[in-house]
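# What the coordinates show
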Amino acid sequence: MYIYNVTTNIEESAHVEWLTWMKEIHIPDVLATGKFLSAKMAKVLVEEELGGTTYSVQFITVDKETLEKYYQEDADRLRQDATQRFAGKFVSFRTELEIVSEH
């Protein structure tokens, strides 16, 4: 199993709108690709020097191949929506994690 983690810092001026969009539109759209089993969204509890609020969204997928298919078939389109809606008001970085054990 793999986790596709997207960590985003959103400016306070767009925070409420972005959070609603994430919960009601973006996360459901990513899940609708059929490439992820589930998603979790968490607020990062460390204050950032640059301000804003930071969140981590973790999408669970079965394997690296499925994640690669997401990159090839869906990622650009879904990222572009965020960029158009919230241009200049957020910064994101992505990481891939491989689950090695669960307890």
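Now for a description of the structure that goes with this document. Everything numeric here is computed off the predicted structure, so don't read it as measured data. (Residues numbered from 1 in each chain as written. Predicted model: local features only at pLDDT ≥ 70, side-chain atom pairs only at ≥ 80, totals over all residues. Heavy atoms only, no water.)

### Quick look at the pattern of salt bridges
In this structure the tally under the stated criterion is six salt bridges. Among the charged side chains, a salt-bridge network with shared partners connects K35, E73, D74 and R77. (Salt bridge = Lys/Arg side-chain N within 4 Å of Asp/Glu carboxyl O.)

### Describing the layout of surface pockets
A volume near 210 Å³ is recorded for the largest pocket. Together, 16 residues line the largest pocket, and V6, H26, A82, S92 and R94 are the ones closest to its centre. The residue inventory of the lining of the largest pocket, partitioned by class, reads ten nonpolar, four polar and two charged. (1 Å grid on protein atoms, 1.4 Å probe; cavity = no way out; pocket = protein on both sides within 12 Å on 5 of 7 lines; lining within 4 Å. Points joined across faces, edges and corners; volume = space filled by probe spheres on them. Nonpolar A, V, L, I, M, F, W, Y, C, P; charged D, E, K, R; others polar.)

### Re helix α2 (residues 64-85)
Every α-helix winds through 3.6 residues per turn, so residues three or four apart in the chain are directed the same way. Between its terminal C-alpha atoms α2 stretches 29 Å, which fits the 32 Å expected from 22 residues at 1.5 Å a residue. Along its length, α2 shows its largest kink, about 60 degrees, at D74. When we look at burial in α2, the residues that qualify are T66, L67, Y70, D74, A75, L78 and A82. (Helix = DSSP H or I, 4+ residues; strand = E, 2+ residues; numbered from the N terminus. Expected span 1.5 Å × (residues − 1). Bend = angle between axes of the 7 residues up to and from the residue. Buried < 20%, exposed > 50% of the residue type's maximum accessible area, 1.4 Å probe, protein only.)

### With respect to a nonpolar patch on the surface
Among the surface-exposed residues, M1, L37 and V62 lie close enough to one another that they form a single nonpolar patch of about 270 Å² accessible area. Note on placement: M1 falls in the segment before β1 (2-10). On the basis of relative accessible area, M1 is assigned to the partly exposed category, the value being 39%. (Patch = residues over 30% accessible without salt bridge, like charges linked within 9 Å, V, L, I, M, F, W, Y side chains within 5 Å. Areas by Shrake-Rupley, 256 points an atom, 1.4 Å probe, with all protein chains shown as cover.)

### A few points about the packing of helix α1 (residues 15-32) against α2
One can describe the packing of α1 onto α2 by two numbers: an axis separation of 10 Å at closest approach and a directional angle of 160 degrees. When the interaxial angle is binned, α1 and α2 end up roughly antiparallel. For the element pair α1 and α2, the recorded crossing hand is right-handed. Where α1 abuts α2, its residues W21, I25, H26, D29 and V30 lie against Y70, L78, D81, A82 and R85. Here the contact of α1 with α2 is composed, by residue class, of six nonpolar, one polar and three charged. (Axes fitted to C-alpha atoms, helices over the stretch in contact; angles between N-to-C directions. Parallel < 35°, antiparallel > 145°, perpendicular 65-115°, else oblique. Left-handed = near helix turned anticlockwise from the far one by under 90°. Contact = heavy atoms within 4.5 Å.)

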